[in-house]
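Coordinate analysis (summary)
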Amino acid sequence: MSQKHTYVCLFSSLRRRAKYNNETTMMRKDENRRVVFILGSTGVGKTKVAEDIAVKILMESSSSETTNSETKKVKKKKSDDDDDDIDDQMVTIVNMDALQVHEELPIATARVLVEEKEEKKKTRGEVVHELFGVVGIEEEEETRTKKKTKTKKKDVRWFRASFLEIVEKIWTKRHGKRSVVVCVGGTPYYAKAAMLKTFLPEREASMPDTSDDDDDDDDDDDVDILSLEERRAMHERLRELDPKAAARLHPKDARRVRRYLQIAEEANGEESLLPSTIFQRKKDKANDDERKQQNEQQLMFPPTVTRVIHVVAENEALEKTLETRLERMRHDGVEKEIKTFIETYPTAAKSNTGVAQAIGVREFLDETDDDTETRFEKMCARTKRLARRQRRQFANMVESSEFRSAPTIEIDATKMHEMLAASPPSSSKANAFWEDEVVSRAVRFITEEFVDDVNAPSTKKSTRRDVIVDLEENNDAWIERACEACGDRIFRGDRDWLAHTSSKRHKNRVRNLKKSREGERGSLHPNKIAAI
């Protein structure tokens, strides 16, 4: 064997060993890292799950450290540095609720109070909380009044950047050590921003900017005052120049119609410069990039690190818990808190943005002659509607194709809510059920290892939503269809057409139209006569 061949074999061996060591190091890092997302509707018990999980993980870590010390027969006590290894931000709870990031209205937003945190530190161990009550109303109003300055707006993009910064700091600080980040919140938009890489693309114009920056605001004002006839005329003009682009837009979308029309007029009949051609090139490029990266992970963190816990409860049992929670909030002084907020920040309260969206502000801001009991009844009804809506939103979210690779479990807390709502309430049985069926199961799921997403648990089902999402890859945005049953409404693209034809409103209209044509409507229906 020649010396050159020997060097080649040695180099290949070293490269394989380096690759193996790199993969082993990454697997060890994933073993020590967890990012847990706890999802669910308001009042279902997400915050309690997060708190109990954090405390249980800390207790198990403390007991394991003690056992290892006894096994090694270490006679001296552990130093302060060893204690820091256990408690120093090993478990961090990060807020994903759009209202609880605000400093105001801690009772109305059901935020974990600072006093409660300090008490839990003394009795249950150190649990670090992040992004709770960090945005003040003065800072929000300053951002609203200075639209043209570079003031950083506290929106979902700010939340995403802050969340990733917190996770990076924790992993850097606890390099090679165990770290668990528990993210909890009832805002689906924030949850998607934290869990998905592709949910918030970079801001970019959908079409080339053909207008001057100085005249942009004036043009927008001109578009707003256009009548419906003028908008339709502008859309018809675009249809003459570029029928495909006109089929993509609704006539009422005056801003985009005007922008397309400007580009089409400047094209002077050259097909390569028409809006439809520009968009088709962008679509082809996007499809090519998607095909190249179809195996790329959509999740923000790999499946070996990510855990999704979906907490659910039946509506009837949960609504009783919501009523009890509202009574407790009322006892804690939520009425005084809301009235003080409205008196101190009247402009922000009337804006219905930010923390002013909290339940209770609108009810007490109403200038009707309703008494206090009526206002609280409205708050309770609004809370129940919110819980039902959030339940549907989170169910659709965890079942979507974007989360297929995320290890997910569903925890049903209906039994616990029923026990607490019973007369008399079975607190001991509810606590036992909560500890055994909820907390312990969640901790086992968090600590369990999944080599890939094949053996990872999942609660996902095949739904119509998956079909709609899959159609986005082959969605033909240039096909225009009219629905006769719904008054010749225009739909553009396969995705919009499938969503419309699958809706309850469309099916009801088709059924009623069929009955009208067959003469089966009205009091003289044969079935109704036979029933009489």
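Scroll up to find the structure this text is about.
So, a few notes on the structure that sits alongside this text. (Residues numbered from 1 in each chain as written. Predicted model: local features only at pLDDT ≥ 70, side-chain atom pairs only at ≥ 80, totals over all residues. Heavy atoms only, no water.)

1. Here's the deal with the packing of helix α13 (residues 315-332) against helix α18 (residues 414-421)
When two helices pack together, their arrangement is given by the angle between the helix axes and by the axis-to-axis distance. Test applied: To define axes, lines are fitted to C-alpha atoms, for helices over the stretch in contact only, and angles between the resulting N-to-C directions are given on a 0 to 180 degree scale. The helix and strand labels rest on DSSP assignments: H or I over at least four residues marks a helix, E over at least two residues marks a strand, and numbering proceeds from the N terminus. Under this scheme an angle from 65 to 115 degrees is roughly perpendicular, one under 35 degrees roughly parallel, and one over 145 degrees roughly antiparallel; angles in between are oblique. Handedness of each helix crossing follows the sense of rotation of the near helix against the far helix: counterclockwise by less than a right angle gives left-handed, clockwise gives right-handed. Residues count as neighbours in contact if any of their non-hydrogen atoms are within 4.5 Å of one another. Ten residue types, Ala, Val, Leu, Ile, Met, Phe, Trp, Tyr, Cys and Pro, are classed as nonpolar, four, Asp, Glu, Lys and Arg, as charged, and the remainder, Gly among them, as polar.
The geometry of α13 relative to α18 is characterised by a closest axis approach of 9 Å and an angle of 50° between their N-to-C directions. Judged by the angle between their axes, α13 and α18 are oblique. Here the hand of the crossing between α13 and α18 comes out left-handed. Counted together, Ala317, Leu318, Lys320 and Thr321 of α13 and Thr414, His417, Glu418 and Ala421 of α18 form the full contact between these two elements. Residues belonging to the contact of α13 with α18 are distributed by class as follows: 3 nonpolar, 3 polar and 2 charged.

2. A word on unusual backbone geometry
Quick reminder of the rule: Throughout, exposure labels follow a simple rule: accessible area from a 1.4 Å probe, protein chains only, divided by the maximum for the residue type, with under 20% read as buried, over 50% as exposed, and the rest as partly exposed.
One non-glycine residue, Leu105, adopts positive backbone phi at about 55°. Along the polypeptide, Leu105 turns up in the loop between β2 (91-95) and α4 (114-124). Here Leu105 falls in the buried class, since its relative accessible area comes to 3%. At Asp488, a residue that is not glycine, the phi angle is positive and equals roughly 55°. Turning to its location among the elements, Asp488 is positioned in the loop between β7 (480-483) and β8 (489-492). Looking at Asp488, the relative accessible area reads 52%, which means it is exposed.

3. Quick look at the side chain of Arg111
Operational definition: When charges are tallied, Lys and Arg are placed among the positive residues and Asp and Glu among the negative ones, while His and the ends of the chain are skipped. Definition used for salt bridges: Asp or Glu carboxyl oxygen within 4 Å of a side-chain nitrogen of Lys or Arg. Pairs of N or O atoms are called polar contacts if they sit within 3.5 Å, as long as, within protein, a hydrogen donor faces a hydrogen acceptor (for residues adjacent in sequence, only side-chain-to-side-chain pairs).
One can find Arg111 in the loop between β2 and α4. Glu103 provides the closest opposite charge to the buried, unpaired Arg111, separated from it by 6.9 Å. Side-chain polar atoms of Arg111 contact the backbone oxygen of His102, separated by 2.7 Å. Beyond its immediate chain neighbours, meaning those up to four positions away, Arg111 contacts Gln100, His102, Glu103, Glu104, Pro106, Phe132 and Gly133.

4. Digging into the pattern of salt bridges
Across all of its chains, the model carries 13 salt bridges by this definition. Between Asp253 and Arg256 there is a salt bridge; the shortest N-O distance is 3.7 Å. Accessibility expressed as a relative area gives 26% for Asp253, which makes it partly exposed. Given the relative accessible area of 33%, Arg256 is considered partly exposed. As a salt-bridge pair, Arg391 and Glu314 come within 3.9 Å of each other at their nearest N and O atoms.

By themselves, these observations are geometric and do not establish any function.
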